[in-house]
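This is what each chain is made of:
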Amino acid sequence: MNQPLAITVAQKAGPKVTLGVGALVLAVLIALPLLHLLPADNVLHVSAYTLTLVGKILCYCIVALALDLVWGYAGLLSLGHGLFFALGGYAMGMYLSREAAGDGLPAFMSFLAWTELPWYWYGTSNFLWALCLVVLAPGLLALVFGFFAFRSRIKGVYFSIMTQALTFAGMLLFFRNETGFGGNNGFTGFTRILGFDITAQGTRAALFIATLALLVGSLYLGFKLARSKFGRVLTAVRDAENRLMFCGYDPRGYKLFIWVLSAVLCGLAGALYVPQVGIINPSEMSPTNSIEAAVWVALGGRGTLIGPLLGAGLVNGMKSWFTVAFPEYWLFALGALFIGVTLYLPKGVIGLLRKRGEQ
Amino acid sequence: MSSTANPELMLEPAFDPAGSGRDAIGASTAASQGLNIRHGTILTLEDINVSFDGFKALSNLCLYIGVGELRCIIGPNGAGKTTLMDVITGKTRPDNGVAYFGETLDLTRMSEVEIAQAGIGRKFQKPTVFEALSVFENLELAQKTSKTVWASLRARLSGEQRDRIDEVLATIKLDGSRQRPAGLLSHGQKQFLEIGMLLVQDPQLLLLDEPVAGMTDAETEFTAELFKSLARKHSLMVVEHDMGFVGSIADHVTVLHQGSVLAAGSLAQVQADERVIEVYLGR
Amino acid sequence: MPTALYRLFLLLTLLLPLTGHAGDASDFVAASPSKQAKLLESWSAAPDAARLPLLEALQQGRLAADSGKNPFIEVNGLYQSAEGEFAPAEAPRKLRLNNRLRGLIGTAMASHQLLAEEPALRLAAARELQKRAKPAQLGLLDARVASETDAQVRTALTLALANLQLVDRDPAIRLAAVRLLGETGDPLARTRLETLLDPAVEDDAGVRTAAQTGLAQVKRKLLIGELLGQAFSGLSLGSILLLAALGLAITFGLLGVINMAHGEMLMLGAYATYMVQLLFQRFAPEAIALYPLVALPVAFFVTAAIGMALERTVIRHLYGRPLETLLATWGISLILIQLVRLLFGAQNVEVANPYWLSGGVQVLPNLVLPYNRIVIIGFALCVVVLTWLLLNKTRLGLNVRAVTQNRAMAACCGVPTGRVDMLAFGLGSGIAGLGGVALSQIGNVGPDLGQSYIIDSFLVVVLGGVGQLAGSVMAAFGLGIANKILEPQIGAVLGKILILGLIILFIQKRPQGLFALKGRVID
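Residues numbered from 1 in each chain as written. Chains lettered and ligands numbered in written order. Predicted model: local features only at pLDDT ≥ 70, side-chain atom pairs only at ≥ 80, totals over all residues.

A. Focus on the overall build of chain B. Scanning chain B from terminus to terminus reveals 11 helices and 10 strands. The proportion of buried residues among the 283 residues of chain B is 49%. Sequence-distant contacts, at least 24 apart, represent 69% of the contacts inside chain B between residues at least 6 apart. (Helix = DSSP H or I, 4+ residues; strand = E, 2+ residues; numbered from the N terminus. Buried ≥ 20, exposed ≤ 12 C-beta atoms within 10 Å, placed from the backbone. Contact = placed C-beta atoms within 7 Å.)

Laid out in structure tokens, this is it:
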């Protein structure tokens, strides 16, 4: 569990191999959107389906990374990150719905016979304000919840249960038509983003690149944090919070900082997810989604920065294959994964690889 | 019940680490620089009561520790020694009573973090270090510096701080293991690391809960020397069962029994006390 | 059912000629619609038990006539002569009825049922008449009020009478009727009285004032009923939460295992009930009423066995790592849900209440307490008491408590900790199974049943304080009642969110008192 040392250890195990593989993966990911721009009859053309699928998985990778920052480093297992993801997605969805509706009201509002926008919809036709909302909505919610939770020293499983209840409550709220976010159906039928056709090849490629950039940026941020004294204090919070307090550190501020940062990252990931997938609805907030994110992190190896990305990629890759090939057995596979990882892979795939490397 | 700080035992009451204790008025963080210790008493506990679900852990406890004093607390199991430390460090709130650090800081109103920042360091009974971090990093975290989130984000060790850590590493003889994860240290090494963390934290009052448990005789002896060299510059309160160790360091011993002070004085004095013998031998 | 009905009708049709009351059916068939209405009104005013089959046939649209205006009643596709022994000349045609006639038939039917033996039937009839009594029935109602023995029926009849009198021309009679209405606590009386406040409807000021006071009276009585109703549904929800959370309180509080598959234990308990019901239907239909009683031990042992198997295979390896148990048990829950989906289908299965759990007791005019909920409240309390006894008064309970407080020490004293863990986990799961039996009696039984309870149950355990049965009981009922009080004010969803917020705030106040025993903790 020497997580902050993970980077150093990984480098020792084979810095060249690690870097080489990383560079290769990055190169492939950069190539994908470019290949998508090729004409459809070209052999190397990457279909919109593939690009969207990979883009979606990259968004999940950001979520996994964000979750790992709070779970792997600070020891706070959140089962409510889906809520932050969805809030970012909804903020972006508000903008896209306005864009699609032009000067009129978004379609679902006309359907409900509403005549004017609810107050929280004002300004959402402005892309910049929507971006602010993407950050503010999950950020403020995380701030308020975190402030109270950390103040009363809720941690461990209590924290997990509370966050799960939080996302559950959010889901119930967004399911209601009166809440003003399209109820059951959420938002869909987007047409344009910043004036560009949302289904155009160029737009898709640009969104993919933006997602990749966010992922690389978050990864860089993660490295920076993990190497700073801040990262070491977080590990100390995870392992011996009381001792840390007697050293004169106030763990609340540290937890709150990483918690809010993580929520904001999730929100950004959600904001990039929605235009690529084309829909956002309350089921994104279901506790099932959030807890699934935990298994990505656990499978990859928590407390490492690469592990969660690996886990998110593996699980989601498996999921897309299973749901096509054996839809009935996907839940069995996922369930078995949950059990198998906790029983046999406490340090995740990264731990396994590292062990191999050492031998 | 009278364990008033003995003026004769207090060495150089005028000594003031920051040199300007007179004009400080207990603001939490800055207080460690200018603790008001005008009357030579660094810790004042009066009529402290603590009860857990009806069980009285401390009852009407009074205790004074002078500036630069090295005080040993002894007492049978369940006498309330650890609870006493919990009260001083803010982990447990007393039901009533007065607890002052210096002249102005009311410990009953401060959080654990504020107390630690004000200058009270604590070593736990079971050695607790940050196992996932290296020995060096443990000391780095404990070091006296600004401990806000912002400061940690931009922290860079200065040459001076690095030297101080190296110095302490040498003192606690963990020089060779500076990059080892603290979780891999032996029990005794962890004890030393924790003591080292207290040293870099540079508190004015050190609370040490059974510091020599699990140490070899040589290590114990070394610790005794270390503590003696710390006294005067710092005030120490040591809880210990090892009478040999107590005898080698203490100038003043307080015996706790059932949550209050049973006897106080030099080790020889308290060892001669009838009541103390009765408590320890259970007659 | 159809055969039983058929027999009944056969019997009735055979009896009909014997009554010697010929002519009603023929009269009706021969009459014009307006005449038919008159007939029905006169029948309503002077009910006769012998007329019931005719009215029933009318109500169900089974009365027919041939070209000779001879009445026939259709029974299972065959036409039988209603009076006398005619064979139909040709295929008889069913009578057409208009809406007005249908209403009148209802009225006539109700006044005939006032003569029925069973109070329940009379009560239903009286209620019917409150809505659709006709002025011609004044005399009948008056007489019935005087002769009625059952208090509830009499109240209902009084109301029906008052409703009629309200349209009387004499203000004095109207005043008396208003007073009468004021004394009942019936929701119908409220709507009636409310209309009377309008001077356009009621021109007599005296009656209007009386209506005002009467309305206040009725509202007060209704409010009591509503509050009691809320309290009861709160208790009911609380008992359900308690059943769901009690097993969790054991596995979480005593073993420190976060069992996310706990909800699925509830679900399996409910499915076990379903299986028992199926077996009874198949092999012992005459004793079907007893199936919930048999389902209790079956569900307990099935879920306990599954729980113990899980403990031995998975959870055993994860003690002391609560977050890992959380993830692993979530995986188990996914597998169990999908398994049930494959075996029983994704649709809800039907679990029917036996007769002694259906229906309810009417306490106030606007307050009915369903038997199944009453039984479940009692059942939940029984389970709590049994669990408490088991944990505090038996050897197993002593062992469990010893292991949870100091595992190593208990092992040294010869307590087989592995076996104790297994049994404790089995107990927790078994209690969940019992909860599942209870849930199957009040809600839908489907693969997702457990999912809707798991979060609430965890909140109960967290709020109540870990490892404390009394805390869980308090928290379950507290949450249940708070939920039901908030629901009508701000809606179910907002209520839930508000409660979550309150829990978070409450934990601010008492983090230690709720989560851990106060004391010296070394860490």
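B. Examining the overall build of chain A more closely. Secondary structure summary: chain A contains 14 helices and 4 strands in total. For 359 residues, the compact-globule estimate of 2.2 N^0.38 gives 21 Å, and the C-alpha radius of gyration of chain A, at 21 Å, lies within 12% of that figure. When its C-alpha atoms are laid out on the principal axes, chain A stretches across 60 × 55 × 40 Å. Taking all 359 residues of chain A together, 53% fall into the buried category. (Rg over C-alpha atoms; globule rule 2.2 N^0.38 Å.)

C. Seen up close, the interface of chain A and chain B. Counting residues at the interface gives 24 residues for chain A, matched by 24 residues for chain B. Of all the elements in the fold, those that place two or more residues in the side of chain A that touches chain B are helix H9 (229-246) and helix H10 (251-277) of chain A. Top element by residues in the side of chain A that touches chain B is H9 of chain A. It accounts for 11 residues.

D. Focus on the sheet that holds strand E7 (residues 205-209) of chain B. All names here are of chain B. With respect to topology, 6 strands assemble into an open sheet ordered E6-E7-E8-E3-E9-E10, the strand pairing being mixed. The sheet terminates laterally at strand E6 (120-123) and strand E10 (260-265), the two strands that pair on one side only. The sheet shows a mean angle of 20° between the axes of neighbouring strands, direction not considered. Note: strand E9 (residues 252-257) against E10, 5 bridges, orientation antiparallel. Looking at E10, one finds that Thr 254 is bridged to Ala 264. (Pairing = 2+ DSSP bridges. Axes fitted to C-alpha atoms, helices over the stretch in contact; angles between N-to-C directions.)

E. A look at the interface of chain C and chain A. In this assembly, 32 residues from chain C lie in contact with 36 residues from chain A. For the side of chain C that touches chain A, the secondary structure elements donating two or more residues are helix H14 (322-344), helix H19 (451-464), helix H21 (492-509) and helix H22 (511-515) of chain C.

F. Layout of the packing of H9 of chain A against H10 of chain A. Residues and elements named next belong to chain A. The geometry of H9 relative to H10 is characterised by a closest axis approach of 10 Å and an angle of 160° between their N-to-C directions. The orientation of H9 relative to H10 falls into the category roughly antiparallel. Like other packed secondary-structure pairs, H9 and H10 cross with a definite hand, here left-handed. Contacts between H9 and H10 involve Val 233, Leu 234, Val 237, Glu 241, Leu 244 and Met 245 on the former and, on the latter, Pro 251, Tyr 254, Lys 255 and Ile 258. (Parallel < 35°, antiparallel > 145°, perpendicular 65-115°, else oblique. Left-handed = near helix turned anticlockwise from the far one by under 90°.)

G. Spatial organisation of the pairing of strand E2 (residues 71-75) of chain C. All names here are of chain C. In the sheet, strand E1 (residues 63-65) pairs with E2 via 3 bridges, with the strands oriented antiparallel. Looking at E2, one finds that Leu 63 is bridged to Ile 73. Linking E1 to E2, which pair antiparallel, is a turn of 5 residues; within it Lys 69 sits at a positive phi near 60°. Summarising the sheet, E2 and strand E3 (residues 78-81) pair through 4 bridges and their orientation is antiparallel. Note on E3: the bridge partner recorded for Ile 73 is Gln 80. Hairpin remark: E2 followed by E3, antiparallel, with 2 residues in the connecting loop; positive phi at Asn 76, about 50°.

H. Seen up close, the sheet that holds E3 of chain C. Ordered by their spatial adjacency, 4 strands build an open sheet running E3-E2-E1-E4 (chain C), and the pairing between neighbours is antiparallel. Each edge of the open sheet is held by one strand with a lone partner, namely E3 and strand E4 (93-94) of chain C.

I. Up close: the packing of helix H8 (residues 151-165) of chain C against helix H9 (residues 171-183) of chain C. All names here are of chain C. Following both chains from N to C, one finds H8 and H9 inclined at 145°, their axes separated by 8 Å at the closest point. Judged by the sense of rotation from one axis to the other, the crossing of H8 with H9 is left-handed. Here H8 contributes Thr 158, Leu 159, Ala 162 and Gln 165 to the contact with H9, which in turn contributes Ile 173, Arg 174, Ala 176, Ala 177, Leu 180 and Leu 181. Split into classes, the residues belonging to the contact of H8 with H9 amount to 7 nonpolar, 2 polar and 1 charged. (Nonpolar A, V, L, I, M, F, W, Y, C, P; charged D, E, K, R; others polar.)

J. View of helix H14 (residues 348-358) of chain A. Residue and element names in this part refer to chain A. Gly 348, Ile 350, Leu 353 and Arg 354 are the residues of H14 that are buried. Taken end-on, H14 shows its buried residues confined to a sector of 160°, consistent with a single buried face. Residues of H14 that are exposed and point more than 90 degrees away from the buried face comprise Lys 355 and Arg 356. (Arc of directions from axis to C-beta.)

K. Layout of the environment of Gln 137 of chain C. All names here are of chain C. Topologically, Gln 137 is positioned in the loop between helix H6 (119-132) and helix H7 (138-147). Sequence-wise, Gln 137 and Trp 43 are 94 residues apart; in three dimensions their C-alpha atoms are separated by 9.5 Å. Among all residues touching Gln 137, those that are not within four sequence positions of it are Ser 44, Ala 45 and Ser 111.

L. Looking closely at helix H8 (residues 217-230) of chain B. Residue and element names in this part refer to chain B. In this model H8 runs 20 Å from its N-terminal to its C-terminal C-alpha over 14 residues, within 8% of the 20 Å that 1.5 Å per residue would give. All of the buried residues along H8 are Thr 220, Thr 223, Ala 224 and Phe 227. Viewed end-on, H8 has its buried residues packed into an arc of 105°, placing them on one side of the element. Exposed residues pointing more than 90 degrees away from the buried face of H8 are listed as Ala 218, Glu 225 and Ser 229. Packed against the buried residues of H8 are strand E3 (70-74), strand E8 (235-239) and helix H9 (243-249). Once H8 finishes, Arg 232 follows within two positions and takes phi at roughly 80°, a positive value. (Expected span 1.5 Å × (residues − 1).)

M. Layout of the nonpolar core. One finds Val 63 and Ala 64 of chain A to be the most contacted residues of the largest nonpolar core, which totals 281 residues. Ignoring any residue separated from it by four or fewer positions in sequence, one finds Val 63 of chain A in contact with His 81, Phe 85, Cys 266, Ala 269 and Ala 293 of chain A. Within the second largest apolar cluster, 50 residues are counted, among which are Ala 57, Ala 126, Leu 141 and Val 153 of chain C. (Core = buried A, V, L, I, M, F, W, Y, C linked by C-beta atoms within 7 Å.)

N. Structural detail: unusual backbone geometry. Residue and element names in this part refer to chain B. A positive phi angle, close to 60°, is found at Lys 173, a residue other than glycine. With respect to the element layout, Lys 173 can be found in the loop between helix H6 (159-171) and helix H7 (187-201). A positive phi angle is found at Glu 210, which is not glycine, with a value near 45°. Judged by local crowding, Glu 210 falls into the buried class, with 20 C-beta atoms found within 10 Å.

O. The confidence of the model for chain A, seen in detail. Residues and elements named next belong to chain A. When pLDDT is averaged along chain A, the result is 88; 96% of the residues meet or exceed 70. Per-element confidence in chain A ranges from a low mean pLDDT of 48 for helix H1 (residues 6-13) to a high of 95 for H10. Across residues 1-11, confidence stays below pLDDT 50; counting only partners more than four residues off in sequence or on other chains, it has 26 contacts. (pLDDT = per-residue confidence, 0-100.)

P. Structural detail: the environment of Thr 158 of chain C. Residue and element names in this part refer to chain C. Topologically, Thr 158 is positioned in helix H8. On a C-alpha basis, the gap between Thr 158 and Leu 181 in space is 8.3 Å, while along the polypeptide they are 23 residues apart. What Thr 158 contacts, discounting residues up to four positions off in sequence, is Val 145 and Leu 180.

Q. Structural view of the confidence of the model for chain B. All names here are of chain B. In the predicted model, chain B carries a mean pLDDT of 80, and 86% of its residues have values of at least 70. For residues 1-33, every residue scores under 50 in pLDDT, and the model assigns this stretch 64 contacts once sequence neighbours within four places are set aside. The ipTM, which scores confidence in the relative placement of chains, is 0.87 for this predicted complex, and the corresponding pTM is 0.78.

R. Up close: the environment of Gly 253 of chain C. All names here are of chain C. Within the secondary structure layout, Gly 253 lies in helix H11 (residues 205-253). Gly 253 sits in the buried class, given 20 other C-beta atoms within 10 Å. Residues Gly 253 and Val 461, spaced 208 residues apart in sequence, show a C-alpha to C-alpha distance of 8.0 Å.

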